[in-house]
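# Remarks on the overall topology
If you want the building blocks of each chain, they are given just below.
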Amino acid sequence: PIQPADVRTAAATRERLGAALTSDGPAAAAVPAPSATRDLTIRGVVLDPDGAPIAGARARAIIDLGFGYEDWDIAEGDRVLSAGREVDAAVTDSDGAFTLDPGGLHVVTVSASSADRPARSIEGCAPGAQLEIVLANGGTVEGSVTVAGEAIPVVDAEVRIFHGGDEDGFDIVRTDAAGRYRATGLHSGDGGVLVVPREYAMTRYAPFELQPGGTARVDVEVEPGWRLAGRVTDAATGDAVAGATVSPWEFVGQNVLPDERGDFVLEGVRERPGALSVRADGYGRAEVQFEGPRND
């Protein structure tokens, strides 16, 4: 099949030769001359923004078949390679250095991560590459989740944290017994918090701005919301569809499964007109509009 012009095919990717790379992108480098003793490993160093080595960081070599296409598979000899699968890993030493063996692959993505610092990745790394990966100082987002007007802590609520702006960072944490949450090692920049509690309405996006190494506090209040009940049936036969998934918000949270009769109950539906999303194996997806609570 014809590939888009701006997509590097797996074959083209495998033909690329190695170059010295930094965390800011490819840099000019001489291609090692073919040799029976050529080093087929990938070596590198992990540093903090001040240039100090980071010991104990985890470096990973990940199959790279085509940038941005993590669901690709390709046969190479008697192997089936799946993009995104780890082929080797190492922990940096006291000098921040690591060595990875890509296992005969021509090109891999190298990712480095450390506690309380956001991970960084370099695509298109060939055997013999020398890498320098700088891990930024990680930020922290913390706060509490309470019931609006009552100051009651909301326990075990799912807190979704979007961070880093264009970095597309995403973390999920849960509130503790006091309704508090905390996430560390986040990308700096614009972000936001979305709370998905079990029995209250999912909150609106609460934005924040995070400085490198800084802390942003985002306290969130939840509303009771509506109780929404219904039944999922086969449109042709009228039979119950017990294996469906029902969500009032695009399957982001508050998903429920109908019982054997197809009946379901959703607690804490946000107080606004919306669409109920339903999907099931063999049926695809459907949406049902809802306006508000009814007493009948």
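Structure shown above.
Described in the following lines is the structure provided in the data block.

The rules behind these values
- Residues numbered from 1 in each chain as written.
- Predicted model: local features only at pLDDT ≥ 70, side-chain atom pairs only at ≥ 80, totals over all residues.
- Heavy atoms only, no water.
- Core = buried A, V, L, I, M, F, W, Y, C linked by side-chain atoms within 4.5 Å.
- Buried < 20%, exposed > 50% of the residue type's maximum accessible area, 1.4 Å probe, protein only.
- Helix = DSSP H or I, 4+ residues; strand = E, 2+ residues; numbered from the N terminus.
- Contact = heavy atoms within 4.5 Å.
- Pairing = 2+ DSSP bridges.
- Axes fitted to C-alpha atoms, helices over the stretch in contact; angles between N-to-C directions.

### Some remarks on the nonpolar core
Formed by 24 residues in total, the largest nonpolar core has its most connected members in I42, F98, L100 and V110. Taken together, the elements giving at least two residues each to this core come down to β3 (42-47), β4 (58-63), β8 (97-100), β9 (108-114), β10 (117-125) and β11 (130-134). Setting aside chain neighbours within four positions, we find L100 in contact with T41, I42, A59, R60, A61, D88, A89, A90 and V110.

### Notes on the environment of V46
Assignment of secondary structure puts V46 in strand β3. Under the relative-accessibility criterion, V46 is labelled buried at 1%. Sequence separation of V46 and A59 is 13 residues, and the distance between their C-alpha atoms is 8.6 Å. Sequence-distant contacts of V46, defined by excluding residues within four places in its chain, comprise A52, P53, I54, A57, T92, G96, F98, A112, I133 and L135.

### Structural notes on the sheet that holds strand β14 (residues 169-174)
With antiparallel pairing, the four strands of this open sheet are ordered in space as β14-β13-β16-β17. Of all the strands in the sheet, just β14 and β17 (206-210) have a single pairing partner and so form its edges. Averaged over all pairs of adjacent strands, the angle between their axes in this sheet comes to 25 degrees, without regard to strand direction. Where strand β16 (residues 189-196) meets β17, five bridges bridge the pair, whose relative direction is antiparallel. Within the sheet, the bridge partner assigned to G189 lies in β17 and is L210.

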